[in-house]
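Single-letter residue listing:
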Amino acid sequence: MDNSIVQIVVSILAVVVVGYLGSPLFIWAIAILGLLFWFGASIPTMGVVAGLFLLFIIKPIRTLIVSKPLMGLMKGFMPKISETERTALEAGVVWVEQDLFSGKPDFKKMLNEPYPGLTVEEKAFMEGPCEKLCSMIDAWAYWKTREMEDQVWDFIKKEGFLGMIIPKEYGGLGFSALAHSEVVMKVASRSIPACVTVMVPNSLGPAELLIHYGTDEQKKHYLPRLARGIEVPCFGLTEPGAGSDAGAIVSSGELFKGDDGKLYIKLNWNKRYITLAAISTVIGLAFKLKDPKNLLGKGEDLGITAALIPASTPGVVIGKRHDPLGVPFYNCPTQGKDVVVSIDAVVGGAAGCGKGWLMLMECLAAGRGISLPAQSVGGAKLCTRVTSAHSVVRQQFGVSIGLFEGIEEPLARIAGLTYGLEAMRIYTLGALDKGIKPPVITAMSKYYSTEIGRQMINDAMDIVGGAGISFGPRNLIGQIYVATPIGITVEGANILTRTLIIFGQGALRAHPYAFKEVDSVEKGDAAGFDSAFWGHVGHVVRNTFRSVVLSMTRGYLAPAPVHPELKMYVRRLTWASASYAIMSDVAMGTLGGTLKFREKVTGRFADILAWMYIATATLRRFEAEGRREEDLAFAKYVLKKSLSEIQKAFDGIFDNMYAVKQKSITGKLIFGSMHFFFKEVIGAWSRINSIGSQASDHLQHVICYQILNNLEQRERLTDGIYVPKDPSKEQLARLENAMKLSLEAEKIEKKISKARREKILPKLKGQALVEAAFEKKVIAADEYQLLKRAAEARWDAIQVDDFTQEQYVSNHV
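Residues numbered from 1 in each chain as written. Predicted model: local features only at pLDDT ≥ 70, side-chain atom pairs only at ≥ 80, totals over all residues. Heavy atoms only, no water.

Moving on, we come to the overall build of the protein chain. Scanning the protein chain from terminus to terminus reveals 33 helices and nine strands. A compact globule built from 813 residues should have a C-alpha radius of gyration of about 28 Å, and the protein chain, at 31 Å, falls within 12% of that. Expressed along its principal axes, the backbone C-alpha trace of the protein chain runs to roughly 105 × 95 × 55 Å. Only carbon and sulfur atoms are counted for the fraction: they give 59% of the accessible area of the protein chain, which is about 35,100 Å². A distance of 4 Å separates the average location of the 93 positive side-chain charges in the protein chain from that of its 83 negative side-chain charges. (Helix = DSSP H or I, 4+ residues; strand = E, 2+ residues; numbered from the N terminus. Rg over C-alpha atoms; globule rule 2.2 N^0.38 Å. Areas by Shrake-Rupley, 256 points an atom, 1.4 Å probe, with all protein chains shown as cover. Lys, Arg positive; Asp, Glu negative; His and termini not counted. Charge placed at Lys NZ, Arg CZ, Asp CG, Glu CD.)

On to the environment of F37. Examined against the element boundaries, F37 turns out to sit in helix 2 (residues 25-38). A relative accessible area of 62% means that F37 is categorised as exposed. In the structure, F37 is positioned 745 residues away from D782 in sequence and 91 Å away in space, judged by C-alpha atoms. (Buried < 20%, exposed > 50% of the residue type's maximum accessible area, 1.4 Å probe, protein only.)

For the second largest pocket, the calculated volume is near 1,200 Å³. Every residue lining the second largest pocket is counted, 37 residues in all, and those nearest its centre are Q395, G398, V399, E749 and R794. Mapped onto the lining of the second largest pocket, the elements with two or more residues apiece are helix 16 (371-393), strand 8 (395-396), strand 9 (399-400), helix 28 (697-709), helix 30 (731-757), helix 31 (766-775) and helix 32 (781-797). Of the residues forming the lining of the second largest pocket, the biggest block, eight residues, is contributed by helix 30. Residues that form the lining of the second largest pocket fall into these classes: 17 nonpolar, twelve polar and eight charged. (1 Å grid on protein atoms, 1.4 Å probe; cavity = no way out; pocket = protein on both sides within 12 Å on 5 of 7 lines; lining within 4 Å. Points joined across faces, edges and corners; volume = space filled by probe spheres on them. Nonpolar A, V, L, I, M, F, W, Y, C, P; charged D, E, K, R; others polar.)

Let us look at the side chain of R546. Looking at the element boundaries, R546 is found in helix 23 (residues 526-553). One buried charged side chain, R546, makes no salt bridge at all; its nearest oppositely charged neighbour is D99, positioned 9.6 Å away. Setting aside its immediate chain neighbours within four residues, R546 contacts Y20, G103, K104, S551, T574 and A578. (Salt bridge = Lys/Arg side-chain N within 4 Å of Asp/Glu carboxyl O. Contact = heavy atoms within 4.5 Å.)

Side chains of strand 1 (residues 233-236) alternate between two faces, with P233 and F235 and C234 and G236 buried alike. With four bridges joining them, strand 1 and strand 4 (residues 282-290) adopt parallel strand pairing. Directly across from P233, in strand 4, lies its bridge partner V282. (Pairing = 2+ DSSP bridges.)

We now examine helix 2. Across its 14 residues, helix 2 extends 20 Å between first and last C-alpha, which sits within 8% of the 20 Å expected from 1.5 Å per residue. W28, A29 and L35 are the residues of helix 2 that are buried. For helix 2, the arc enclosing every buried residue in end-on projection is 140°, short of the 170-degree limit, so these residues lie on one face. Exposed positions of helix 2 whose direction lies more than 90 degrees from the buried face are I30 and F37. G40 sits one or two positions beyond helix 2 and adopts a positive phi of about 85°. (Expected span 1.5 Å × (residues − 1). Arc of directions from axis to C-beta.)

Time to look at a negative patch on the surface. Taken together, D138, E149, D150 and D154 make up a surface patch of like negative charges. Counting through the fold element by element, E149 comes out in the loop between helix 9 (139-145) and helix 10 (150-158). On the accessibility criterion, E149 (40% relative accessible area) is partly exposed. (Patch = residues over 30% accessible without salt bridge, like charges linked within 9 Å, V, L, I, M, F, W, Y side chains within 5 Å.)

As structure tokens, then:
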């Protein structure tokens with residue numbers, strides 16, 4: 001081979017290796033100078049190159065000559081960060097999203113993150129008070145009368161359901177995030193309004209704020225009373241003009257000195273959508289506090305503040321209710337007119353004035369990862385249980401509908417995604433129970449749990465058909481279907497959560513350098529900017545090489561410390577991470593501050609990050625639970641779905657990132673060229689090397705066979721929800737009993753079918769065929785009785801509710 005060709009090949013390989021490994025600049029210098037020497041470059045040429053490398057290697061020189069002027073140029077390009085945005089960005093911490101964002105995820109580390117379990121005490125609560133509560137709730141009566149029974153409400157207070165997050169020293173249960181989530185999930189599987197009633201006092205509100213920021217006096221007074229249900233809390237944040245943009249609240253407080261010389265606050269507010277407000281005894285209130293006379297010495301505008309207002313305080317208005325789609329939990333407006341409270345009402349006392357936004361962001365960073373994901377998973381598990389039983393019990397054309405491929409597709413989607421949602425729930429809770437509060441992760445958990453839950457309830461409605469649309473005590477999923485948009489809307493509307501929080505915050509928080517760059521530019525910190533900017537350059541170079549190499553090798557160079565059949569998915573995820581990292585940098589580098597307004601693009605970036613996280617959580621679950629072979633199909637389903645959604649989002653980015661109308665010729669030329677390059681070149685390459693496809697028909701069939709025939713697998717998949725035992729009173733128990741009997745009867749039915757094929761029995765159907773089989777002794781007496789019980793159970797299980805005209809009217813009064 002020609003020596004020059006060898007030199008070129010070796011040179012390319014050397015550069016690729018150095019770039020792929022993300023080597024520091026001095027290694028690049030050695031490699032480049034070595035190659036120049038090999039190619040016979042002159043000493044002066046090598047000296048110039050060495051000098052340039054030294055300019056960039058020696059930090060003080062680089063900062064003075066290059067970085068400081070560059071920082072000045074970038075001031076107009078960098079996005080501006082408001083105080084509220086900065087507070088949100090600095091609340092909580094980053095976790096595994098930083099790995100996924102890095103382009104070089106450490107799966108060995110991520111797959112060894114804690115996978116939590118309940119304590120003995122927590123298990124006893126789940127099997128005792130929580131099980132008892134679910135048995136006490138009559139979900140249909142609650143829905144119909146629109147009121148929780150007094151005995152149920154009293155039980156909730158007495159057993160400490162309102163104080164799950166309150167430490168034991170204050171009379172609470174002191175539960176872990178996992179136990180808190182388990183309670184919400186179980187109650188959600190029984191009754192959505194009951195779930196919300198239990199959930200909200202343990203989410204963002206007075207107890208959470210007091211635990212972390214309250215004074216000793218506030219904790220001693222309120223926490224024991226909240227734990228025992230003596231005080232019923234609510235928290236007022238949302239207003240007519242401030243929904244997802246919570247920083248836009250206009251509720252106000254003005255500090256003044258009373259005649260007694262003490263400091264007081266005069267409050268005025270108009271809040272809406274406040275859960276439990278109408279029956280609350282203490283209102284957590286977010287408002288903007290002003291100190292016109294500078295009594296605290298902190299200036300006039302102190303900012304958002306949180307305070308606890310007794311509902312009995314003069315000027316407080318409560319009592320009215322909203323009607324959230326007919327779901328009968330207390331969701332209410334509240335107003336306050338010239339309400340005067342002591343400064344001691346501020347969470348944290350005088351020191352807490354102006355710190356409310358930080359408090360809210362840090363608490364919400366945890367709460368988003370517990371309440372609504374648990375509610376969604378409770379609904380998903382119930383849908384899995386109901387639809388699988390219904391698919392066995394309900395027969396059409398002489399066979400169970402679960403045997404139809406048209407049913408298999410949505411049924412596999414429900415069961416497969418239930419496995420994935422549970423994986424994400426537990427994985428996220430592992431971080432929270434370590435004391436980590438990652439706001440981007442919990443935002444993803446909230447958004448994708450509720451959105452996937454919305455798809456699943458629609459699938460469930462399709463499968464059960466008329467049984468899902470006929471309201472009454474036998475309808476197990478209708479209430480979930482009606483209530484689903486509520487979870488989509490609260491704790492940050494899903495549209496803005498996806499487009500603004502997940503990637504908007506994630507791009508700055510999870511990126512190893514972006515926030516440091518923006519922060520140093522705003523502060524005029526040249527040294528800080530130098531470290532961040534050149535670190536970012538190295539990050540881009542490394543990920544460019546990794547993205548290309550992993551694309552060419554389809555990820556096979558990446559390590560994959562997992563089950564042999566799942567290695568491919570880890571490699572593809574590593575490839576996706578590298579491509580994601582470089583595309584994020586391209587977007588931020590070319591679109592700059594305008595990227596935050598390109599919400600369709602940022603939404604697609606959010607989808608990629610989230611589905612990488614869901615896939616990672618699924619891998620962790622499979623590993624943590626002992627690599628069960630019967631779980632392999634479920635894990636593969638979620639991983640295939642994740643990679644498919646990742647590819648879909650990449651395609652959308654390639655097609656649209658630079659598809660922006662430009663007025664100037666220069667803009668048209670630049671953006672037109674970039675649009676062509678990413679859509680026609682990069683996008684085409686990505687589609688040729690697709691990183692995932694939807695689950696195959698065979699994989700769907702395997703999943704459906706498991707949940708329709710393997711009762712133990714079905715139990716594990718839906719573990720943690722409430723399953724009543726009495727088929728004479730409870731529809732889920734009827735379905736469970738009918739499914740069990742139907743499966744037991746299958747062998748006998750096959751024996752009868754064989755006899756009919758062999759013309760031992762006449763061509764009859766239904767009960768007439770069974771009677772003929774018994775008469776001709778094809779089946780024994782005990783088999784005949786089993787078939788009879790199975791038929792009766794099936795018939796009972798498929799009935800729907802009907803009402804007299806008077807009853808129907810009373811259901812809707």
